[in-house]
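Listed here are the chains, written in short residue letters.
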Amino acid sequence: MTDPPLEKLNLLDTEYANILASSSYPALELQLLRLGIDPASARRTSNFLALVRQKLHTPEQWAALTKAWEAGYGCEPELEDFQQIVELLWNHQRRVEND
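Residues numbered from 1 in each chain as written. Predicted model: local features only at pLDDT ≥ 70, side-chain atom pairs only at ≥ 80, totals over all residues. Heavy atoms only, no water.

Take the overall build of the chain next. In terms of helices and strands, the chain carries five helices and zero strands. Sequence-ordered secondary structure for the chain, helices as α and strands as β, is α-α-α-α-α. The long-range fraction of contacts in the chain, counting pairs at least 24 apart against all pairs at least 6 apart in sequence, stands at 31%. As displayed, the chain offers around 7,500 Å² of accessible surface, 55% of which is attributable to carbon and sulfur atoms. (Helix = DSSP H or I, 4+ residues; strand = E, 2+ residues; numbered from the N terminus. Contact = heavy atoms within 4.5 Å. Areas by Shrake-Rupley, 256 points an atom, 1.4 Å probe, with all protein chains shown as cover.)

Printed below as a string of structure tokens:
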């Protein structure tokens with residue numbers, strides 16, 4: 001059996017290794033790079049989405065989400081923004097699990 005050919009992502013080996021070792025969501029970050037998103041935006045997006053995929057329970061987790069929001073949007077999130085995240089992502093998931 002042969003391995004499929006490696007995909008060319010125009011990354012140095014060290015850049016690829018950094019994504020695998022340091023990214024919060026490496027599969028998404030690599031997919032964004034394949035789509036032509038610049039590396040800094042791909043990292044911000046993947047970090048943010050990795051945080052919102054999980055329920056946050058501690059002040060440190062909420063602080064990390066706030067920091068990721070600010071990096072992506074360039075402003076502090078409003079309380080309403082977080083309420084929408086909770087309702088759309090986490091409360092909806094709970095309702096689906098209970099059905």
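Looking now at the side chain of S23. Positionally, S23 belongs in the loop between α1 (13-22) and α2 (26-34). Within polar-contact distance, the side chain of S23 engages the backbone nitrogen of Y25 at 3.1 Å. Polar contacts involving the side chain of S23 include one to the side chain of E29, which spans 2.6 Å. Ignoring any residue separated from it by four or fewer positions in sequence, one finds S23 in contact with N18, E29, R43, S46 and N47. (Polar contact = N/O pair within 3.5 Å; in protein donor to acceptor, adjacent residues only side chain to side chain.)

In this section: the packing of helix α3 (residues 39-52) against helix α4 (residues 59-73). Running from N to C, α3 and α4 point in directions that differ by 145°, and their axes come no closer than 9 Å. Seen from above, α3 lies across α4 with left-handed handedness. In this structure, α3 contributes R44, F48, L51 and V52 to the contact, and α4 contributes A64, L65, A68, W69, A71 and G72. Its residues assigned to classes, the contact of α3 with α4 comprises eight nonpolar, one polar and one charged. (Axes fitted to C-alpha atoms, helices over the stretch in contact; angles between N-to-C directions. Left-handed = near helix turned anticlockwise from the far one by under 90°. Nonpolar A, V, L, I, M, F, W, Y, C, P; charged D, E, K, R; others polar.)

Scanning all chains against the criterion turns up one salt bridge. In this structure, E29 and R43 form a salt bridge, with 2.8 Å as the shortest nitrogen-oxygen distance. Linking E29 in helix α2 with R43 in helix α3, this pair joins segments that are 14 residues apart in sequence. (Salt bridge = Lys/Arg side-chain N within 4 Å of Asp/Glu carboxyl O.)

It is worth spelling out the packing of aromatic side chains at this point. The geometry of an aromatic ring pair is captured by two quantities: the separation of the ring centres and the angle between the planes. Tallying each qualifying case throughout the model produces four aromatic pairs. When the ring of F48 is compared with that of W69, the centres are 5.8 Å apart and the planes differ by 65°; the resulting orientation is edge-to-face. Here W69 lies in helix α4 and F48 lies in helix α3, a separation of 21 residues in the sequence. Its relative accessible area of 14% is what places F48 among the buried residues. W69 sits in the buried class, given a relative accessible area of 11%. Three or more aromatic residues joined by ring pairs make a cluster, and in this case those are F48, W62, W69, Y73 and F82. (Phe/Tyr/Trp six-rings, centres within 6.5 Å; stacked < 30°, edge-to-face > 60°. Buried < 20%, exposed > 50% of the residue type's maximum accessible area, 1.4 Å probe, protein only.)

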